[in-house]
Amino acid sequence: MVEKQINLRSFETEDIKELHRWSNDPASILMVGRTPQTFEQVEKHVEKKRQNGDVLFAVENEENKLIGWVFLQNIEHEHGRAGIGILLAPEARGQGYGKYVMEKAIDIGFNQFRLNKIYLTTRGINKQAISLYEKIGFVVEGKLRKHAYVDGSYYDTYFMGILRSEWEQRNNEID
Ligand SMILES: CC(C)(COP(=O)(O)OP(=O)(O)OC[C@H]1O[C@@H](n2cnc3c(N)ncnc32)[C@H](O)[C@@H]1OP(=O)(O)O)[C@@H](O)C(=O)NCCC(=O)NCCS
């Protein structure tokens, strides 16, 4: 896979229009899922995240085109931990961008926010996401049984995490 040059910048209010589009594509609804969202609902979702102190990044590709967002959420400095989330534009998926986006955001989490652990949850049905997270070094710490109802079936939700020590060790091995 060709290396991707992506850039993270602050997620701006004017980016919400695109987030609304990405959030409503069928795969997003299945994998991240909610029911389809109105623009106002997406706006409120972003506002709630800002009020929660979540750090929101817009992702730009090599041509400075907006192709997704990634965020650190529920940052708890007393525990040195935060959650992470990612959503790429439908046309940017399946090309290897996810790895570079996650790596940049994780790097900010560990090296700028001085976190000790970054975690996420994902649906067991989301094989692409699980494969990506494992490739980056996330470990499945637990499975919530039949936690999500998707398209007529119940699926486990995976809780996955990566520690700063694991991230550093992994980067040392790559260097
Ligand atoms: C999930 C998401 C972030 C992945 O990013 P991406 O850049 O599209 O990921 P890639 O296409 O590089 O796939 C990652 C890996 O999964 C593998 N993969 C893809 N589909 C797969 C499948 N059905 N089963 C198993 N592995 C799969 C790919 O081969 C790749 O591994 P490789 O690099 O070793 O080949 C992105 O597709 C996305 O935003 N999806 C919609 C929203 C979403 O699901 N967000 C995550 C919620 S937890």
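These remarks concern the structure in this document.

Rules used in this analysis
Residues numbered from 1 in each chain as written. Predicted model: local features only at pLDDT ≥ 70, side-chain atom pairs only at ≥ 80, totals over all residues. Heavy atoms only, no water. Helix = DSSP H or I, 4+ residues; strand = E, 2+ residues; numbered from the N terminus. Buried < 20%, exposed > 50% of the residue type's maximum accessible area, 1.4 Å probe, protein only. Contact = heavy atoms within 4.5 Å. Near = heavy atom within 4 Å. Polar contact = N/O pair within 3.5 Å; in protein donor to acceptor, adjacent residues only side chain to side chain. Areas by Shrake-Rupley, 256 points an atom, 1.4 Å probe, with all protein chains shown as cover. Pairing = 2+ DSSP bridges. Axes fitted to C-alpha atoms, helices over the stretch in contact; angles between N-to-C directions. Core = buried A, V, L, I, M, F, W, Y, C linked by side-chain atoms within 4.5 Å.

**Examining the environment of Tyr100**
With respect to the helices and strands, the residue Tyr100 is situated in helix α4 (residues 97–111). When its relative accessible area of 17% is taken as the criterion, Tyr100 is described as buried. Along the primary structure Tyr100 and Ile136 are separated by 36 residues, whereas in three dimensions their C-alpha atoms are 9.4 Å apart. Those residues in contact with Tyr100, other than ones at most four positions away along the chain, are Val2, Glu3, Lys4 and Ile6.

**Details of the site of the ligand**
Near the ligand lie 21 residues; those nearest to it are Leu88, Gly94, Gly98, Asn126 and Lys135. A distance of 3.1 Å separates a nitrogen atom of the ligand from a polar atom in the backbone of Ile86. The separation between an oxygen atom of the ligand and a polar side-chain atom of Ser131 is 2.9 Å. In isolation the ligand exposes 940 Å². Once the protein is present, 72% of that is buried. A total of 7 residues in the shell around the ligand trace back to one element, the largest contributor, which is helix α5 (residues 127–136).

**Looking at the sheet that holds strand β2 (residues 55–60)**
Taken in spatial order, the 7 strands make up an open sheet running β1-β2-β3-β4-β5-β7-β6, and their pairing is mixed. Of all strands in the sheet, those with a lone pairing partner are β1 (7–10) and β6 (139–150), marking the two edges. Neighbour-to-neighbour, the strand axes of the sheet open up by a mean angle of 30°, direction not taken into account. As judged from the 3 bridges shared by strand β4 (residues 81–88) and strand β5 (residues 117–123), these two strands associate in the parallel manner. Looking across to β5, one finds that Gly83 is bridged to Tyr119. Sheet contacts for helix α1 (residues 16–23): β3 (66–76) and β4; angle to β3, the most-contacted strand, approximately 90°.

**Section: the nonpolar core**
Counting residues in each nonpolar core, the largest one holds 47 residues, and the members touching the most others are Ile84, Met102 and Phe138. Among the elements that take part in this core, α4 stands out by supplying 8 residues, more than any other. Excluding its chain neighbours within four sequence positions, the residues that come into contact with Phe138 are Ile84, Met102, Ile106, Ile118, Tyr119, Leu120, Tyr133, Met160, Gly161 and Ile162.

**With respect to the side chain of Thr122**
Along the chain, Thr122 turns up in strand β5. If near-sequence neighbours (up to four positions away) are discounted, Thr122 is found in contact with Ala129, Ile130, Tyr133, Asp156, Thr157, Tyr158 and Met160.

**Remarks on unusual backbone geometry**
A positive phi angle is found at Lys146, which is not glycine, with a value near 45°. Assignment of secondary structure puts Lys146 in strand β6. By relative accessible area, which is 57% here, Lys146 ends up exposed. Backbone geometry at Asp151 places phi at a positive 50°, although glycine is not the residue there. Given a relative accessible area of 71%, Asp151 falls into the exposed group.

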